[in-house]
Amino acid sequence: MKYYFFFILAFATIHLQAQNQFDLSYYLPQNITYNAKIPTPESVIGHKVGEWHVTHDKLVTYLKILSQASDRITIEDRGKTYEGRPLILLTITSPENHKNIENIRLKHLGLTESANSIQLNVESMPLVVYQGLSIHGNESSGSNSSMLLVYHLAAAEGSEIAALLKNTIILIDPSLNPDGLQRFSYWANTNKSDYLNSDPNDREFHEVWPGARTNHYWFDMNRDWLPVQLPESRARIETYNRWMPNILTDHHEMGSNSTFFFQPGVQSRVHPLTPKANQELTKEIGKYHAKALDNIGSLYFTEERYDDYYYGKGSTFPDINGGIGILFEQASSRGHAQETINGVLTFPFTIRNQFKTALSTLEAAKEMRVKLLNYQKDFYLNVKNENLKNTVKAIVFGDEKDAAKTYHLAEILNIHRIKFNKLKNDIDVNGIHYNKETSFIIPTNQTKSTLIKAMFEKRTTFTDSLFYDISAWTFPLAFNLDYAELKSTNNIGEPVENLELKKGAVDSKSTYAYVMPWNEYYTPKALNKILQKGIRAKLGMKPFSVDEKTYDYGTILIPVQNQNLNENELYNFLKEVANSSNLSITGVNTGYTKGINLGSTQFKTIKKPKVGLFVGNGISSYDAGEIWHLFDQRYQMNITKLDTDYLRTVDFSKYTAIIVPNTALKPDGSTELKLDGGTLNKLLSWVKNGGTIIGFKNSVKWLTNNNFIKLEYDSAKVDAKNITFEQKDDFKEAQEIGGAIFETKLDRSHPINFGFKNDKLAMFRDTEIFIKPDSLSFNNPMKYTSNPLLSGYISKPNLEVLKNTVPFQIKHSGKGSVVVFTDNTNFRGFWYGTNKLLMNAVFFSKPM
């Protein structure tokens, strides 16, 4: 009976506490008068802040109405998410500043232009603050706090707010991930009890796969500030470059049993390109956060766990661009009220902490305005000085046989407003030829030179062996492009003003056959269109020459005769394919070629693909999403998402290939992916009957454990000598490969490597799965070299084991094949250089 009454009392207390927390007075500063004409959040969204999780549509509606009611706010729609939601931005400042906003912006940008910045007097210049909220959709306290923040800035009256608005341009990105926010608000609200249930076991706190952290394609968008592969990222980088803010805040959530974190992070893990003054200013700003949280009794920590190394995160990207990035991490209620080791954590409590630190940021901005403006000016003056001392005057990059990959790297440079030029003449550097039609050159003496260095450098020495994220991201390696540092500017041609993807074409009509080299990035898109149309296509297993042109391994042959289209129809269709895929197709009028003839049995018929993708429980949503995005957005190929919950009902026979992305691991090392015996047997039979199953990362072990493939593994053995109890966690983490780049040697005659121009390939790796090579050398078409580390951190024991192991294997089972990759060839959507490996496995597994 006592137990029963205790829980009744506990639930009643939570209910009453939550009711009190819903009042605006719980959040807003005391002793401030608010303009009654400015609508409160409740008056528009229909509930109090924190009572429910705001949906994105309600959030947008409120902010639009607020912008109409206040002359301090303007609102703009910068584009759409994949699901069509608006990417809105609010600019908040004094009405007087709004009238002169463009002049203020241009004058502010002058601080980044070293030629003019010395003449600028920062004493009277406004500071620019960019406040971004909830880039992870299920970390929604940030976006919910944005309503309070904007209301306060619109409605507060008095000299303090007037001074803040006069001296600050505030850019508010209220929902960095609209699709994720909408998905999570639906989950949290539909699982909410009227009398809040704080039991952590309640369904409210356990989202179904894939969760709402990610965007539509299940990408973690807080890793995309540098690669900018997603529409949401491109919109915010456009805003960033338009304003070059002095402070950017990035509001997140973390585990429920935590407290509150604000930067600086771990000081030994700051990227060397980040100035020391950056961290000193971050620490000074942190004192304002500490004071704000002290005033409301909220626990917090700093200089632990999180770091400032990878520049692709929101809190680190400003550090390489003359600004101060600040990460906030609030313990997450993951619903409306949850029991934690620190007591019952309510949603309003999390919102209030986010709101208070947003205000403390603005307080710091007001007090430190001149200091922060001078830091930005000095940052770019130092850039100018370093540019003059830099012995690397330019960087050339390109690929003679793949214009699309070259274009897409140049596209990223464009988005970041990095200047690049055409190559004046063809040049040869270190034995590599750079064609002026297929290469670009980047002058290093420019405003964004530190960002260029961050994107193009290779780094293998570090002051720390731990990283919150990856330790390497060298872009030309990610794109598998030739590149070189140059000591002169002699070959810099005209600036590239209008970047365009190469136009595709068929050079001539043929009555005999057409050939399509497999080198271009979009050849899988073209081949799929051809096969889906019912047109026969064949794969050239050996090089050949015709009409004084040489065609490499993997060239696609399309015979003209005996097709379901006549000669004219086939020609017109292939023109459309070439144009939409931005590549060249060549008409040939003879099969009498040098090398293999076009009628040779060395041309293998390619089967029309139908691909399945395992998703759901046990599968990494990130890895699955990257594959879905690759097929859907890049190659316009259908891929059927097969949820692991209903695989027992699926007829596998309709699929030519099934992809098993990375699977989650349990603490004991076994995989989270569990299929019943009947489903496993059905899948094994499907492979033996001709199917191709393709596994990545931990799914390689899953395939081994379930008798799909036999492999031998190696591992690093490290003894913990002279390691204290305090050091044990760091010691274990230092043995992990968190994300680095390694060199492989290719056998270009093997179909898995068709389309690659060079015999070396940079591979991204973030696993400790080491496969021993097969005893037959021709079964090892990809092999890590004896000195494989190109960029990033790896422990010495792991490096020794990695040498001469293999990242790929294929074994045949009956009529089918089992293909495995130890690592992710589609990493974060920007690893263009290895995307073709998966597509080769999909299209060409039969002749392997």
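What you see is a predicted model; the values in this text were computed from it and never measured.

**Q** Describe the overall build of the protein, and please don't skip the residues or the numbers.
**A** Each helix and strand counted, the protein has 25 helices and 38 strands in total. Across its three principal axes, the protein shows a C-alpha extent of roughly 90 × 75 × 65 Å. When the 848 residues of the protein are sorted by exposure, 61% land in the buried category. Long-range pairs, those at least 24 residues apart, make up 78% of the contacts in the protein between residues at least 6 apart in sequence. Within the structure as shown, the protein displays about 33,500 Å² of accessible surface, and the carbon and sulfur contribution to it stands at 48%. Counting 95 positive and 90 negative side-chain charges, the protein places the centres of these two groups 5 Å from one another.

**Q** Any chance you could break down the nonpolar core for me, citing the residues and the numbers?
**A** Membership of the largest hydrophobic core comes to 227 residues, with the highest contact counts inside it found for L527, I556, F631, I659, I694, L838 and F844. If near-sequence neighbours (up to four positions away) are discounted, L838 is found in contact with I627, L630, F631, I659, I694, F696, T825 and N826.

**Q** Hey, could you go over the packing of aromatic side chains for me, with residue numbers and the actual values?
**A** Tallied over the entire structure, the rule returns 46 aromatic pairs. A centroid spacing of 6.3 Å and a plane angle of 85° characterise the contact between Y311 and W473, whose relative ring orientation is edge-to-face. You can see Y311 sitting in the loop between α12 (276–296) and β9 (324–331) and its partner W473 sitting in the loop between α16 (449–456) and α17 (475–478), a full 162 residues away along the chain. No difference in accessibility class separates Y311 from W473, as the two residues are buried. Seen in terms of ring centroids, F462 and Y793 are 6.3 Å apart; in terms of plane orientation they differ by 85°. Their pairing is edge-to-face. In this pair, F462 is assigned in the loop between α16 and α17 and Y793 in the loop between β36 (782–791) and α24 (796–802), connecting sequence segments 331 residues apart. Note on Y793: relative accessible area 15%, which makes it buried. Three or more aromatic residues joined by ring pairs form one cluster here, namely Y309, Y310, Y311, F462, W473 and Y793.

**Q** So what about the environment of K717? Which residues, and what values?
**A** Within the secondary structure, K717 sits in the loop between β32 (713–714) and α23 (728–734). Residue class for K717 comes out exposed when judged on its relative accessible area of 71%. For the pair formed by K717 and V208, sequence separation is 509 residues and the distance between their alpha carbons is 37 Å.

**Q** Residues and numbers for the pattern of salt bridges, please.
**A** Across all of its chains, the model carries 35 salt bridges by this definition. With its nearest N and O atoms 3.0 Å apart, the salt bridge here joins D220 to R213. For D220, a relative accessible area of 10% corresponds to the buried category. For D766, the salt bridge identified is with K697, shortest N-O distance 3.1 Å. With D766 in the loop between β34 (760–765) and β35 (770–771) and K697 in the loop between β31 (692–696) and α22 (698–705), this pair connects stretches of sequence that are 69 residues apart.

**Q** Explain the side chain of T357 residue by residue, including any values.
**A** Structurally, T357 can be placed in helix α13 (residues 347–367). Residue T357 is classed as buried on the basis of its relative accessible area, which comes to 0%. Apart from the residues within four sequence positions on either side, T357 is in contact with H251, F260, H289, L293 and F328.

**Q** Describe the pairing of strand β20 (residues 513–516), with residues and values.
**A** Burial along β20 is two-sided: A513 and V515 facing one way and Y514 and M516 facing the other are all buried. Where β20 meets strand β24 (residues 556–559), four bridges bridge the pair, whose relative direction is antiparallel. Bridged to Y514 within β24 is I558. In this sheet, strand β25 (residues 584–588) lies alongside β20 in antiparallel orientation, the contact comprising three bridges. Looking at β25, one finds that A513 is bridged to V588.

**Q** Break down unusual backbone geometry for me, citing the residues and quoting the values.
**A** For the peptide bond that leads from W209 to P210, omega is 5°, which places it in the cis range. A cis amide bond links Q263 with the next residue in sequence, P264, at an omega value of 20°. Looking at the element boundaries, P264 is found in the loop between β8 (260–262) and α12. One non-glycine residue, N31, lies in positive phi territory at about 60°. Tracing the chain through its elements places N31 in the loop between α2 (24–27) and β1 (33–34).

**Q** Explain the packing of helix α6 (residues 101–109) against helix α11 (residues 231–243) to me, using residue names and the numbers behind them.
**A** α11 packs onto α6 with a crossing angle of 80° between their chain directions and a minimal axis gap of 8 Å. The angle between the axes of α6 and α11 places the two elements in the roughly perpendicular class. On the side of α6, the interface is formed by I101, E102, R105, H108 and L109, while α11 contributes N241, R242 and W243. In terms of residue class, the contact of α6 with α11 is built from three nonpolar, two polar and three charged.

**Q** Please provide a residue-by-residue account of helix α19 (residues 567–581), values included.
**A** With 15 residues, α19 should reach 21 Å at 1.5 Å per residue; the first-to-last C-alpha distance of 21 Å fits that figure. Of all the residues in α19, the buried ones are L570, Y571, F573, L574, V577, A578 and S581. Within α19, the buried residues cover an arc of 170° as seen down the axis, which keeps them to one side. For α19, the secondary structure elements touched by its buried residues are β19 (505–506), β20, α18 (523–532), β24 and β25. The opening residue of α19, the one whose side-chain oxygen lies 3.1 Å from the backbone nitrogen of N568, is N566.

**Q** With reference to specific residues and values, describe a negative patch on the surface.
**A** A contiguous patch of negative charge, built from E726, D730, E733, E736 and E768, is present on the exposed surface. Examined against the element boundaries, E768 turns out to sit in the loop between β34 and β35. A relative accessible area of 34% places E768 in the partly exposed class.

**Q** Lay out the confidence of the model for the protein in plain terms, naming residues and giving numbers.
**A** Per-residue pLDDT for the protein averages 94, and the proportion of residues at 70 or more is 98%. When the criterion is pLDDT under 50, residues 1–10 qualifies, and its contacts beyond four places in sequence or with other chains add up to zero contacts.

Reading the values: the criteria
Residues numbered from 1 in each chain as written. Predicted model: local features only at pLDDT ≥ 70, side-chain atom pairs only at ≥ 80, totals over all residues. Heavy atoms only, no water. Helix = DSSP H or I, 4+ residues; strand = E, 2+ residues; numbered from the N terminus. Buried < 20%, exposed > 50% of the residue type's maximum accessible area, 1.4 Å probe, protein only. Contact = heavy atoms within 4.5 Å. Areas by Shrake-Rupley, 256 points an atom, 1.4 Å probe, with all protein chains shown as cover. Lys, Arg positive; Asp, Glu negative; His and termini not counted. Charge placed at Lys NZ, Arg CZ, Asp CG, Glu CD. Core = buried A, V, L, I, M, F, W, Y, C linked by side-chain atoms within 4.5 Å. Phe/Tyr/Trp six-rings, centres within 6.5 Å; stacked < 30°, edge-to-face > 60°. Salt bridge = Lys/Arg side-chain N within 4 Å of Asp/Glu carboxyl O. Pairing = 2+ DSSP bridges. Axes fitted to C-alpha atoms, helices over the stretch in contact; angles between N-to-C directions. Parallel < 35°, antiparallel > 145°, perpendicular 65-115°, else oblique. Nonpolar A, V, L, I, M, F, W, Y, C, P; charged D, E, K, R; others polar. Expected span 1.5 Å × (residues − 1). Arc of directions from axis to C-beta. Polar contact = N/O pair within 3.5 Å; in protein donor to acceptor, adjacent residues only side chain to side chain. Patch = residues over 30% accessible without salt bridge, like charges linked within 9 Å, V, L, I, M, F, W, Y side chains within 5 Å. pLDDT = per-residue confidence, 0-100.

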